[in-house]
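# Overview (structure and organization)
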Amino acid sequence: MSEDSTYKEWLVELIKKRRTRKPIYFDGKVPSERIEHLIDVARNAPNHHRTEPARFYILDCERIRKVGKLFNEVISGDSIDPALVEKGLRKEKEWGNSSGLLVITSYTDENSLLLRKHPTVVQENYATTCCIIQNLLLLFESNNISAKWSTGPVWEHPSFSCTIGIEDPKKEKVVALLFYGISPLKAEIRTLSPLKNFILNHSKS
Ligand SMILES: Cc1cc2nc3c(=O)[nH]c(=O)nc-3n(C[C@H](O)[C@H](O)[C@H](O)COP(=O)(O)O)c2cc1C
C-alpha cells in the first residue's frame, strides 16, 4: 500500500472514530502549550473575508471550577425545585472538576464597515469558528486527547465574561466550551442513518 493511500485511510478512520467523551472520564491533564500548538494548526480553516474570527480562552483549574459554579447558578438560580438543584450540583461537579476547558468564541465587530457591507459576516464567522473546532477535535483525537463540545448556556451568567476575560461580550459569541483531558475510553465508530435519506438530488432517469 502506498504512503498516500495509507494516509487517506488514516484520515477516514480518524473522522469516523472521533467521539465525544464526558469530562467525568478524564483523568489526565494536557499542558496548555500543547493545546496552543494544536489551536495554531486548527486555525487553518476556510474563512470568508479572512477575518480570523475565533478567540480562544484556555482556563486554569481555578477558573474551570468557577465556570462550573456559575453554570450551577444558571441552572438552579433561586429555585427550590429539587430536580434543578440536583442538576445544578451535578453539572458543577462535572464541569468544575474537568482537567481542561477551552472556551472558543467568534468575534465580529458590530461597528465594522465589513459588517455594514456584508451582514452575513456574523454567520460566516460562526461557520469558520465551527470548522476550526472540528479541526481541533480531530487533532485532539489523533493526539489521544478526549473532548466534549458543550453549549450549556453558562454565558447567561452576568459574571461569565469577566471570569473568562472576554473584554467586549457584545462582539464575541460563545461557540463552544471544549472540555478536554486524557481518558481511557476507546473511540467507537457510530452508525448513522442511511446516506440515501440525505442525498436528495438523484437523477430520476
Ligand atoms: C454545536 C454543538 C453543541 C453541543 N452541545 C452539547 C451540550 O451542550 N451538551 C452535551 O452533552 N453535548 C453537546 N454536544 C455534543 C453532542 O451531543 C455530540 O456531538 C453528539 O452526541 C454526537 O456524539 P459524537 O460527538 O460522539 O459523534 C454538542 C455538539 C455540538 C456540535
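If you're wondering where the values come from, they're calculated on a predicted model, not measured in any experiment.

What counts and what doesn't
- For every chain, the first residue of its written sequence is number 1, and the numbers climb from 1 along that sequence.
- Note on the predicted model: pLDDT of at least 70 is required for a residue's local features to be given, and 80 or more for side-chain atom pairs to be given and counted; whole-chain, interface and lining totals, by contrast, use all residues.
- Side-chain descriptors were evaluated using all non-hydrogen atoms of the structure, hydrogens and water having been removed beforehand.
- Salt-bridge detection follows one rule: a side-chain nitrogen of Lys or Arg within 4 Å of a carboxyl oxygen of Asp or Glu.
- Put simply, DSSP H or I for four residues or longer makes a helix, DSSP E for two residues or longer makes a strand, and each gets a number counted from the N terminus.
- Each residue is assigned to one of three classes by its accessible area relative to the maximum for its type, calculated with a 1.4 Å probe on protein chains only: buried under 20%, partly exposed between the two thresholds, exposed over 50%.
- For this purpose, a residue is taken to be near a molecule or strand whenever a single non-hydrogen atom of the residue falls within 4 Å of it.
- Throughout, the Shrake-Rupley method with a 1.4 Å probe supplies accessible areas, and for residues the shown protein chains are the sole cover considered.
- To define axes, lines are fitted to C-alpha atoms, for helices over the stretch in contact only, and angles between the resulting N-to-C directions are given on a 0 to 180 degree scale.
- We call two directions roughly parallel when the angle between them is under 35 degrees, roughly antiparallel when it is over 145, roughly perpendicular when it lies between 65 and 115, and oblique otherwise.
- Contacts are assigned to residue pairs that have any heavy atoms within 4.5 Å of one another.
- Distance and chemistry together define a polar contact, namely a pair of N or O atoms within 3.5 Å, with one atom able to donate a hydrogen and the other to accept it when in protein, and with adjacent residues in sequence counting only for side-chain atoms on both sides.
- Should the near helix be turned anticlockwise from the far one by less than a right angle, the crossing is termed left-handed; should it be turned clockwise, right-handed.
- Throughout this entry, Asp, Glu, Lys and Arg are counted as charged residues, while Ala, Val, Leu, Ile, Met, Phe, Trp, Tyr, Cys and Pro are counted as nonpolar. The remaining residues, Gly among them, count as polar.
- At least two bridges found by DSSP between two strands is the condition for calling them paired.

What follows deals with the pattern of salt bridges. Enumeration according to the criterion identifies 12 salt bridges in this entry. Here arginine 63 ties to aspartate 60 by a salt bridge, and the two come within 3.7 Å at their closest N and O atoms. Note that glutamate 94 and lysine 91 form a salt bridge whose closest N and O atoms lie 3.7 Å from each other. Taken together, the residues span about one helical turn, with glutamate 94 and lysine 91 both in helix H4 (residues 82–96) at a distance of three residues. Per residue, the accessibility class of glutamate 94 equals that of lysine 91, and both read buried.

With that out of the way, let us pick up the site of the ligand. Around the ligand sit Arg18, Arg19, Thr20, Lys148, Trp149, Ser150, Thr151, Gly152 and Arg190, and that is every residue in its neighbourhood. Surface burial for the ligand is 56%, taken as the share of its 620 Å² of free accessible area covered by protein chains.

This part is about the packing of helix H1 (residues 3–17) against helix H6 (residues 121–142). Contact geometry for H1 and H6: axes closest at 10 Å, N-to-C directions at 105 degrees. As the angle between them shows, H1 and H6 are arranged roughly perpendicular. Packed against H1, whose contacting residues are Trp10, Leu14, Ile15 and Lys17, the element H6 presents Leu138, Glu141 and Ser142 at the interface.

In this section: the side chain of serine 146. Within the secondary structure layout, serine 146 lies in strand S3 (residues 146–150). Serine 146 gets classed as buried once you look at its relative accessible area, which sits at 2%. Polar side-chain contacts of serine 146 include one of 3.4 Å to the side chain of arginine 21. Residues within four places of serine 146 in sequence aside, it is in contact with Arg21, Phe26, Phe179, Tyr180, Gly181 and Ser183.

Looking now at the packing of helix H3 (residues 61–76) against H4. The geometry of H3 relative to H4 is characterised by a closest axis approach of 8 Å and an angle of 165 degrees between their N-to-C directions. What the angle tells us is that H3 and H4 run roughly antiparallel. H3 and H4 meet at a crossing whose hand is right-handed. Touching Ile64, Arg65, Val67, Gly68, Lys69, Phe71, Asn72, Ile75 and Ser76 of H3 are Leu84, Val85, Lys87, Gly88, Leu89, Lys91, Glu92, Trp95 and Gly96, all from H4. Tallied by class, residues from the contact of H3 with H4 come to eight nonpolar, five polar and five charged.

Here four strands make up an open sheet; going across it, the order is S1-S2-S4-S3 and the pairing antiparallel. Each edge of the sheet is formed by a strand with only one pairing partner; in this case those strands are strand S1 (54–58) and S3. The sheet shows a mean angle of 25 degrees between the axes of neighbouring strands, taken without regard to direction. For S3 and strand S4 (residues 172–181), the ladder comprises five bridges, and the chain directions are antiparallel. Looking at the pairing, alanine 147 lines up with tyrosine 180 of S4. On the sheet, helix H2 (residues 32–42) packs against S1, strand S2 (101–107) and S4 and is oriented at approximately 170 degrees with respect to S1.

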